[in-house]
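In case you want the letters, here they are:
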Amino acid sequence: EHACTMADRSKRQRISRAASTSQVTNNVPPMFGGSQPDARVASDGEPGSFVEGSILRIAMNNFLTYELAVVNPGANLNMIVGANGTGKSSIVCAICLGLAGKTALLGRGDKIGLFVKRGCSRGSIEIELYKNGGNVVINREISTENLSQWTLNGKSCSQKVVEEEVKGLQIQVSNLCQFLPQEKVGEFAKMSRIELLEATEKSVGPPEMYTYHCELKNFRGRERELENTVNEKAAFLERAKQKNESNKLDMNRYYEKKRHLDMIELLEKKKPWVEFEAVRKEHESVKTEREEVKKRLSSLKQTHGPMLKKIQLINNQLEPIEAQIKTKTFDIKEAARKCKARRDQLDRKQKEQALNLKHTEKVDEEKRIANTKTIIDDLQKELATVGEQPDVAPRIDAISVELRGHQEERARLDGEKSDIRREKDNMGLCPCARTVFTRRLNDMNNMMKAKEDKLKVRHKDTFTAIQWLRQNRQLFSGNVHEPMLLVLNVKDPRFAKYVETHIAFNDLRGFLFEKREDMEAFMKEVRDKLKLRVNSILAPAVSCANKQPSRPIESLKRFGFYSYLREMFDAPTDVVSYLCHQYNVHDVPVGTAQTKAMINKVIEEPYLKLIYTAEERYVVKKSMYSNHVSTNNSQLRPSKFLTISVDAEEKEVVCRGDLDERLAGLRENFSILEGRDNELRNEKKGLLEQKGKKRQLEQKIMNRMNSCVLCECSVHWFSEESQGLVSVQAFSTLPDTMEELDALLNEECSRAEGFTGIRENVVEEYNRREVEIQNLEEELGDLSEALTTYRMNMSEAKERWLNPLRTLICQINERFGEYFRSMQCVGEVDLHSEKEEEYDKYGIRIRVKFHNSTELHELTAHHQSGGERSVSTMLYLMALQELNRCPFRVVDEINQGMDPINERRVFNIVVRTACKETTSQYFFITPKLLQDLQYAEEMTVLCIHNGPQMLSPGDWDEKAFLRRIARRKKRTKPE
């Protein structure tokens, strides 16, 4: 009755029709009768308060508890109130099923026929949705046979068409962030982080956000496939190379055995050649002997011709000689026959020589191939040695930079020499100039003395050690710097608090050494002998004074940062190198009050770990387990030492005073620079030669490989021409006696027999696998390039998805935290991921704290109580309300289990948030309301009644009801 009375002061009439056993009332009577107004008109009479997709009308016929009912909700918050069992959740069911939702979403039954009113065979649901250009009317008729008939704007259609129309209006009845029925309230807290993220993306994110997320998950799957393929190909390639390396040994043994077998064949063919040479020599000897006999016979005839007396004697002597001649002639003929046979054999051998010569050339080509391959191996080893050396390009660039710096230094020295000459001239003209120098030096000494006095009071041992160092500086070979308190020169006194806060006091009072042996000698004298408590610091071996920040300061000016800590002071190079190495002063930005105002955004930048604002110091840490970001801030303390600044270089210049000595020193520095320049130029020349050597080796290897290919082609041609023939030239290298031939033949046979277990196809297998390796390397290169390109595309897609999502989560967290703070509780919402690249593992984590004595805990189905889960769920949904792009939201009996205090707080938040003009339609179903709640004019209260005494819609008379109420008030009015 309270709700209805409150509604009398409300807005336009709404019409609801109900069955005789159930009745739905809006917050404005009369409840029945009259004509139904245009549902597109807002509660204040102005059109357009409804957002596109909002529900204008819900009509139910024979549906669950309703025989006939029509509900006209408002554009903002709709409070549906009624006792248990009156039919509140029936309206929720009608919204879900009428908008093509699944029965499983409601948790009441899995068959549509169960939603028909008991005792009826058919029922229907009709929902009218607001849409620019014409409303959408969806009608669904259901039967106990589990059949459905759909009509859209009066035309019959399929369920698919209705689903597309509903989806086009951004309605998601399957999303618990938009549609939370009574039976699913407990399941919201059971949602995993991943499910909650997807539901939130669909509910309040831009339309493309969830699409980008799905694409990224698919991209990541494809990336894994590419990575696996690349790894498999790389592993297979490595196995193939290892296999070929082992086969290479077998191939070399195969060729070695083949060389021995070829030598055996050559020796076998040499043996007939040696036999022929022996017979040929014997034939020549017989032929020579016959010629000598002929000459001797002719001489005898001339000598014994006149000697007739002796003819007989000679004839007698000649007969045996003739017999010998005949014998010899026969022998000669026989030798000639043998010689002819040998000559024919020699002719055959000579015909073979031409082809044997080609075989010799083949052997030579094979030797050249072997030599070329040996040279290639040597060159590749040399190239590998060169390749293992570090890349000289950075060193060349560094030398070039240093040379340019020397050039600038020489220019500076030239300018300083000119200044000194002018000073000499001026001092010659103005005697008072030396007085100015003396006064300036006294001022500097006074400032330095003030700093030393402060140090003496704070740490007397350090002051005593400084005095000792100044008297014994000649004992050290390297640079020894006095404590940083004295040598640090802050450019502006306002910067002193940053520098003094950042550097530990133990380092500020420490002596800095360039060489370790100097530091050890110093500590031995000062600490061990003089018993002084001092600190010593060793400068880094590699200077860090010129280290650059990770990002230029211009990129951080949008956050109010104006300088890095390194730029706020001057100090000797060794001191700067130590501070950059130990304290990263080159990468610590300093900001203004603007930085403090934007600190929430600043700490989200992953590369900012330590920062300074105008008056505070912030340390940002990220958990290795949960990726949770935490900050620790502290107030800056005023500077005690560094506000007094003395430029050591200027003091040194003033102290030098004698311009002639300064000029001589500049000349000496100039000479040192010249010598260093020559060293650097020589080093650069050597590096350039070293850099070119690798290119030359690669060119030599390429030329040798080309030559080797040509030789192999030539060997193949010679093999076809001269297969099976032996070169005569090869015979010349072999022994010429049978004994030596047999010995060498036996030796080669023994060596050939030693090569066992060699497969005949090892060469073919080796060459085939070499081709496979080359193809695999090309394929692996293509896959690696494709993977790199794919990752670049993924990075772009990640930026499109992740940046808007982080902004959205930040907005939700601000509202969620604000709602919890209004209830004196704590709540946080953040984006959680175990691994940044695992996009299917991203999720939203809700953490809450309801008691001061407890810590923040993640919202789960087990840790919090039922009331705490209901409060957390409701406030999260309200945090989405103002960001929502869905047309309406439904929450059914979520206040069950809340204590009265939390229920009142949540109700006030719901009214305050859901009644804003910028929010969409909201349905809040509850069986009860607390007393003295705050209501808003934009609310619509729907009261649901049920019972046997309820009037049918046709018997309801609003005017009679009001008269009866007036008479009752009059009778009860006191006299």
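Coordinates for the structure precede this section.
This write-up is about the structure you can find in this document. From a predicted model like this one, the values you see are computed outputs, not experimental measurements.

Criteria and thresholds
- Residues numbered from 1 in each chain as written.
- Predicted model: local features only at pLDDT ≥ 70, side-chain atom pairs only at ≥ 80, totals over all residues.
- Heavy atoms only, no water.
- Helix = DSSP H or I, 4+ residues; strand = E, 2+ residues; numbered from the N terminus.
- Buried < 20%, exposed > 50% of the residue type's maximum accessible area, 1.4 Å probe, protein only.
- Areas by Shrake-Rupley, 256 points an atom, 1.4 Å probe, with all protein chains shown as cover.
- 1 Å grid on protein atoms, 1.4 Å probe; cavity = no way out; pocket = protein on both sides within 12 Å on 5 of 7 lines; lining within 4 Å.
- Points joined across faces, edges and corners; volume = space filled by probe spheres on them.
- Nonpolar A, V, L, I, M, F, W, Y, C, P; charged D, E, K, R; others polar.
- Axes fitted to C-alpha atoms, helices over the stretch in contact; angles between N-to-C directions.
- Parallel < 35°, antiparallel > 145°, perpendicular 65-115°, else oblique.
- Left-handed = near helix turned anticlockwise from the far one by under 90°.
- Contact = heavy atoms within 4.5 Å.
- Pairing = 2+ DSSP bridges.
- Phe/Tyr/Trp six-rings, centres within 6.5 Å; stacked < 30°, edge-to-face > 60°.
- Core = buried A, V, L, I, M, F, W, Y, C linked by side-chain atoms within 4.5 Å.
- Lys, Arg positive; Asp, Glu negative; His and termini not counted.
- Salt bridge = Lys/Arg side-chain N within 4 Å of Asp/Glu carboxyl O.
- Polar contact = N/O pair within 3.5 Å; in protein donor to acceptor, adjacent residues only side chain to side chain.

A word on the overall build of the protein chain
No. 1: When its secondary structure is counted, the protein chain shows 25 helices and 25 strands.
No. 2: Out of the 975 residues in the protein chain, the part that is buried amounts to 40%.
No. 3: Of the roughly 54,600 Å² of accessible surface on the protein chain, a fraction of 50% belongs to carbon and sulfur atoms.

Looking at empty space enclosed by the protein
No. 1: Applying the stated criterion across every chain yields a total of two cavities of 30 Å³ or more.
No. 2: One number sums up the size of the second largest cavity: a volume of about 30 Å³.
No. 3: If you trace the second largest cavity, you find it lined by Pro-272, Trp-273, Phe-276, Gln-345, Leu-346 and Lys-349.
No. 4: For the lining of the second largest cavity, the secondary structure elements donating two or more residues are α6 (207-304) and α7 (309-388).
No. 5: Taken together, the residues that form the lining of the second largest cavity break down as four nonpolar, one polar and one charged.

Side note on the packing of helix α10 (residues 460-471) against helix α14 (residues 516-529)
No. 1: Packing of α10 against α14 brings their axes to within 11 Å, and their N-to-C directions diverge by 125°. As summarised for this structure, α10 and α14 are arranged oblique, according to the angle between their axes. In the crossing of α10 with α14, the sense of the turn from one axis to the other is right-handed. For the pair formed by α10 and α14, the contact residues are Ala-465, Trp-468 and Leu-469 on the first element and Phe-522, Glu-525 and Val-526 on the second.

Brief notes about the sheet that holds strand β3 (residues 66-71)
No. 1: Within the open sheet, the six strands sit side by side as β3-β2-β5-β6-β7-β8. Their pairing is antiparallel. Whereas interior strands pair on both sides, the edge strands pair on one side only; in this sheet they are β3 and β8 (155-157). Along the sheet, successive strands turn relative to each other by an average axial angle of 15°, direction set aside.
No. 2: Note that strand β2 (residues 55-63) and strand β5 (residues 122-129) share six bridges and pair antiparallel. What sits directly across from Ile-55, in β5, is Leu-129.
No. 3: The sheet strands contacting helix α2 (residues 88-98) are β2, β3, β5, β6 (136-143) and β7 (148-152), and the helix crosses β2 at an angle near 105°.

Examining the packing of aromatic side chains
No. 1: Tallied over the full model, the rule gives 14 aromatic pairs.
No. 2: A ring pair is formed by Phe-511 and Phe-522, whose centres lie 4.9 Å apart and whose planes are at 45°; its orientation type is tilted. With Phe-511 in strand β12 (residues 511-513) and Phe-522 in helix α14, this residue pair connects regions lying eleven residues apart in the sequence. This pair shows no difference in class: Phe-511 is buried, exactly as Phe-522 is.
No. 3: Centroid distance Tyr-578 to Tyr-583: 6.5 Å. Interplanar angle 75°. Geometry classified as edge-to-face.
No. 4: Given a relative accessible area of 9%, Tyr-578 falls into the buried group.
No. 5: Each residue in the set Trp-468, Phe-476, Phe-511, Phe-513 and Phe-522 is aromatic and connected to the rest through ring pairs, giving one cluster.

Some details on the nonpolar core
No. 1: Counting residues in each nonpolar core, the largest one holds 66 residues, and the members touching the most others are Leu-77, Ile-812 and Tyr-922.
No. 2: Tallying contributions element by element places helix α22 (residues 762-822) first for this core, with 17 residues.
No. 3: Ranked by size, the runner-up nonpolar core spans 50 residues in total, among them Ile-466, Ala-539, Val-585 and Phe-641.

Some words on the environment of Leu-787
No. 1: Mapped onto the elements of the fold, Leu-787 is located in helix α22.
No. 2: Separated by 561 residues in sequence, Leu-787 and Leu-226 have C-alpha atoms that sit 6.4 Å apart.
No. 3: Ignoring any residue separated from it by four or fewer positions in sequence, one finds Leu-787 in contact with Glu-223, Leu-226, Glu-227 and Val-230.

A few points about the environment of Ile-95
No. 1: For Ile-95, the location among the structural elements is in helix α2.
No. 2: With relative accessibility at 1%, the residue Ile-95 sits in the buried group.
No. 3: Taking the C-alpha atoms as reference points, Ile-95 and Ile-127, separated by 32 residues in sequence, lie 7.5 Å from one another.
No. 4: Those residues in contact with Ile-95 that lie beyond four places of it in its chain are Ile-55, Ile-58, Ile-127, Phe-179, Phe-888 and Val-890.

Side note on the layout of surface pockets
No. 1: Taken as a whole, the second largest pocket encloses approximately 1,800 Å³ of empty space.
No. 2: Elements that contribute at least two residues to the lining of the second largest pocket include exactly α17 (599-602), β18 (616-622), β19 (629-635), α22 and β20 (826-832).
No. 3: Broken down by element, the lining of the second largest pocket gets its largest block of residues, 13 residues, from α22.
No. 4: The residue makeup of the lining of the second largest pocket, split by class, is 17 nonpolar, 14 polar and 15 charged.

Some points on the side chain of Asp-518
No. 1: The residue Asp-518 is located in helix α14 in this model.
No. 2: Lacking a salt bridge, the buried Asp-518 has Lys-515 as its closest oppositely charged neighbour, with an N-O distance of 5.7 Å.
No. 3: Of the polar contacts made by the side chain of Asp-518, one reaches the backbone nitrogen of Ser-477; its length is 3.4 Å.
No. 4: Filtering out sequence-adjacent residues up to four positions away, Asp-518 remains in contact with Phe-476, Ser-477, Gly-478 and Phe-513.

Description of the pairing of β18
No. 1: Alignment of strand β17 (residues 610-612) against β18, held across three bridges, turns out to be antiparallel. Looking at the pairing, Ile-611 lines up with Tyr-618 of β18.
No. 2: Here β17 folds back onto β18, and the loop between the two strands holds three residues.
No. 3: As defined by bridge partners, β18 adjoins β19 across seven bridges and the pair is classed as antiparallel. Among the inter-strand pairings, Glu-616 is bridged to a residue of β19, identified as Gln-635.

A look at the sheet that holds strand β21 (residues 843-849)
No. 1: Within the open sheet, the three strands sit side by side as β20-β21-β22. Their pairing is antiparallel. The open sheet has two free edges, formed respectively by β20 and β22 (857-858), since each of these has just one partner strand.

So, the pairing of strand β23 (residues 888-892)
No. 1: The buried fraction of β23 is high, at five of five residues.
No. 2: Where burial is concerned, the two faces of β23 agree: the one with Phe-888, Val-890 and Asp-892 and the one with Arg-889 and Val-891 are both buried.
No. 3: Relative to β23, strand β9 (residues 179-180) runs parallel, the two sharing two bridges. Its bridge partner being in β23, Phe-179 is matched across the sheet by Val-890.
No. 4: As defined by bridge partners, β23 adjoins strand β24 (residues 921-926) across five bridges and the pair is classed as parallel. Within the sheet, the bridge partner assigned to Arg-889 lies in β24 and is Tyr-922.

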